[in-house]
Amino acid sequence: MQPRTRRAFTLIELLVVIAIISILASLLLGAIAQGKSRAHRITCLNNQRQLHTVWQKYAGDNDDRLVANSGPLGGPVLPWVAGATHYNYDTVTNQLYITDPTYAAFAYAKLNPRIYQCGAVRHNVQGVSMTRHFSMNPYMGVRSALAPSGFENYRRMNDVSQPSERIVFTEMNPYLICTPALRFNSLEADASGSITNGDFATLPGFPHGKVTVVSYADGHVEPQKMLTPEMDRVWPVPWIADHTGLNGPGNEDLIWFANRMTRGL
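Residues numbered from 1 in each chain as written. Predicted model: local features only at pLDDT ≥ 70, side-chain atom pairs only at ≥ 80, totals over all residues. Heavy atoms only, no water.

## Topic: unusual backbone geometry
Moving on, step 1. One non-glycine residue with positive phi stands out, namely aspartate 64, at about 75 degrees.
Moving on, step 2. Relative to the helices and strands, aspartate 64 resides in the loop between helix H1 (11–61) and helix H2 (90–93).
Moving on, step 3. Even without glycine at this site, lysine 110 takes up a positive phi of about 55 degrees.
Moving on, step 4. Within the element layout of this structure, lysine 110 appears in the loop between helix H3 (96–99) and strand S1 (124–125).
Moving on, step 5. On the basis of relative accessibility, which here comes to 74%, the residue lysine 110 falls in the exposed class. (Helix = DSSP H or I, 4+ residues; strand = E, 2+ residues; numbered from the N terminus. Buried < 20%, exposed > 50% of the residue type's maximum accessible area, 1.4 Å probe, protein only.)

Written as structure tokens, this is what we have:
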């Protein structure tokens, strides 16, 4: 009887198997990443719906007046949540400014503090996780000069023109978030009131695979895809104080946002 011979893999066969396993692993990891991104986006959609419910209820309980988008810490008019300019690190890392009714008008609703956060954002300030990743349209509940003049202001619910097209809450770039309202430096509008250009002092964020989540005054919440690669910009420091020159002229994303926050008079 002749001895059996064992057949071993050749080097080429082994390399082919390794390549196939690598491809399958990359596909699996990609699917897992996409699934996680979708899950975070769905959570943010639900979080903003809850914030919007409180926003609407506040107006209903306060003679149609919209909650302030921002204001001095502990001031006579409470903003929806408290916040301040850069270098006041505590206002973006301490839950007190969300949960304490001394500082935040939304505190009465006793929302879970995690509702103010996006699970896709892994950002911290001086080693401490941020407590808030959302900001409000600065033309909603106007109480401060965070937005240029010459545009519609919405102090009461009935003031809001085209509520299905007016943003209330948006996700923010964590490098730049500070005050609880998104901030503009300047805006330009044509004769029809459509905004054609502008300079933002803080920027919306797109944490869900180049997608962000925004809520509108009529109550609907939806994702919005990033239109320009410029919005992926990051900085070498975790939290910056320079609010100038953040965008080039004609940035499609910023024009899109500006036209859904207000219109020229």
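## Some words on the nonpolar core
Moving on, step 1. Counting residues in hydrophobic clusters, the biggest one holds 61 residues, and the most contacted among them are Leu51, Trp55, Trp80, Phe106 and Met140.
Moving on, step 2. Elements that contribute at least two residues to this core include exactly H1, strand S3 (134–136), strand S4 (167–171), strand S5 (184–189), strand S6 (195–200), strand S7 (211–216) and helix H4 (252–259).
Moving on, step 3. The biggest single contributor to this core is H1, with 7 residues.
Moving on, step 4. Those residues in contact with phenylalanine 106 that sit more than four places away from it in its chain are Leu51, Val54, Trp55, Val67, Trp80, Tyr116 and Phe169. (Core = buried A, V, L, I, M, F, W, Y, C linked by side-chain atoms within 4.5 Å. Contact = heavy atoms within 4.5 Å.)

## Details of a nonpolar patch on the surface
Moving on, step 1. A surface patch of nonpolar side chains, about 290 Å² in accessible area, is lined by Ile12, Val16 and Ile20.
Moving on, step 2. Along the chain, isoleucine 20 turns up in helix H1. (Patch = residues over 30% accessible without salt bridge, like charges linked within 9 Å, V, L, I, M, F, W, Y side chains within 5 Å. Areas by Shrake-Rupley, 256 points an atom, 1.4 Å probe, with all protein chains shown as cover. Salt bridge = Lys/Arg side-chain N within 4 Å of Asp/Glu carboxyl O.)

## Looking at the environment of alanine 107
Moving on, step 1. Within the secondary structure, alanine 107 is located in the loop between H3 and S1.
Moving on, step 2. Alanine 107 sits 27 residues away from tryptophan 80 along the chain, and the two C-alpha atoms are 8.1 Å apart.

## A few points about the packing of aromatic side chains
Moving on, step 1. Counted by the stated rule, this structure contains 11 aromatic pairs.
Moving on, step 2. Here tyrosine 139 and phenylalanine 151 contribute two aromatic rings whose centre-to-centre distance is 6.3 Å and whose plane-to-plane angle is 55 degrees, an arrangement assigned as tilted. Placement of tyrosine 139 in the loop between S3 and S4 and of phenylalanine 151 in the loop between S3 and S4 is noted, with a sequence separation of 12 residues between them.
Moving on, step 3. In textbook terms, an aromatic cluster arises when at least three aromatic residues are bridged by ring pairs, as seen for Trp80, Phe106, Tyr116 and Phe169. (Phe/Tyr/Trp six-rings, centres within 6.5 Å; stacked < 30°, edge-to-face > 60°.)

## Thoughts on the sheet that holds S3
Moving on, step 1. Spatial strand order, S3-S4-S7-S8: 4 strands in an open sheet with antiparallel pairing. The sheet is open, and its two borders are formed by S3 and strand S8 (221–225), each paired with just one other strand. For this sheet the average axis-to-axis angle between neighbouring strands, irrespective of direction, equals 30 degrees.
Moving on, step 2. Alignment of S3 against S4, held across 3 bridges, turns out to be antiparallel. By the bridge assignment for S4, methionine 136 is matched with phenylalanine 169.
Moving on, step 3. Against the sheet, H4 makes contact with S4, S7 and S8, and its axis sits at roughly 10 degrees relative to S7, the strand it touches most. (Pairing = 2+ DSSP bridges. Axes fitted to C-alpha atoms, helices over the stretch in contact; angles between N-to-C directions.)

## Description of empty space enclosed by the protein
Moving on, step 1. Going through the model one piece at a time under the given rule, you end up with 1 cavity of 30 Å³ or more.
Moving on, step 2. Lining the largest cavity we find Val81, Ala82, Thr91, Asn94, Tyr97, Ile98, Thr131 and Arg132.
Moving on, step 3. Looking at the lining of the largest cavity residue by residue, the class counts come to 4 nonpolar, 3 polar and 1 charged. (1 Å grid on protein atoms, 1.4 Å probe; cavity = no way out; pocket = protein on both sides within 12 Å on 5 of 7 lines; lining within 4 Å. Points joined across faces, edges and corners; volume = space filled by probe spheres on them. Nonpolar A, V, L, I, M, F, W, Y, C, P; charged D, E, K, R; others polar.)

## A short note on the pairing of S8
Within a regular strand, the side chains alternate between the two sheet faces.
Moving on, step 1. Inspection of the sheet shows S7 paired to S8 by 5 bridges, in the antiparallel sense. Of the residues in S8, the one forming a bridge with threonine 212 is glutamine 224.
Moving on, step 2. Counting the residues between successive antiparallel strands, the hairpin from S7 to S8 contains 4 residues, one of them, glycine 219, with a positive phi of roughly 105 degrees.

## Description of the state of the cysteines
Moving on, step 1. Counted under the stated rule, the structure contains 0 disulfides.
Moving on, step 2. Among the cysteines around cysteine 44, which has no disulfide bond, cysteine 118 carries the closest sulfur, lying 3.4 Å off.
Moving on, step 3. The buried category is assigned to cysteine 44, whose relative accessible area is 0%. (Disulfide = S-S within 2.5 Å.)

## A closer look at the pattern of salt bridges
Moving on, step 1. Scanning the entire structure with this criterion turns up 4 salt bridges.
Moving on, step 2. Notably, a salt bridge pairs glutamate 152 with arginine 263, separated by 3.9 Å at the nearest N-O pair. Of the two residues, glutamate 152 sits in the loop between S3 and S4 while arginine 263 sits in the segment after H4, which places them 111 residues apart along the sequence.
Moving on, step 3. Since its relative accessible area comes to 28%, arginine 263 is described here as partly exposed.
Moving on, step 4. Ionic pairing is found between lysine 210 and aspartate 232, a salt bridge with its closest N-O pair at 2.4 Å.

## Some details on the side chain of glutamate 152
Moving on, step 1. Accessibility expressed as a relative area gives 17% for glutamate 152, which makes it buried.
Moving on, step 2. In this view, glutamate 152 contacts Tyr139, Ser161, Arg166, Thr262, Arg263 and Leu265; residues no more than four positions away in its chain are not counted.

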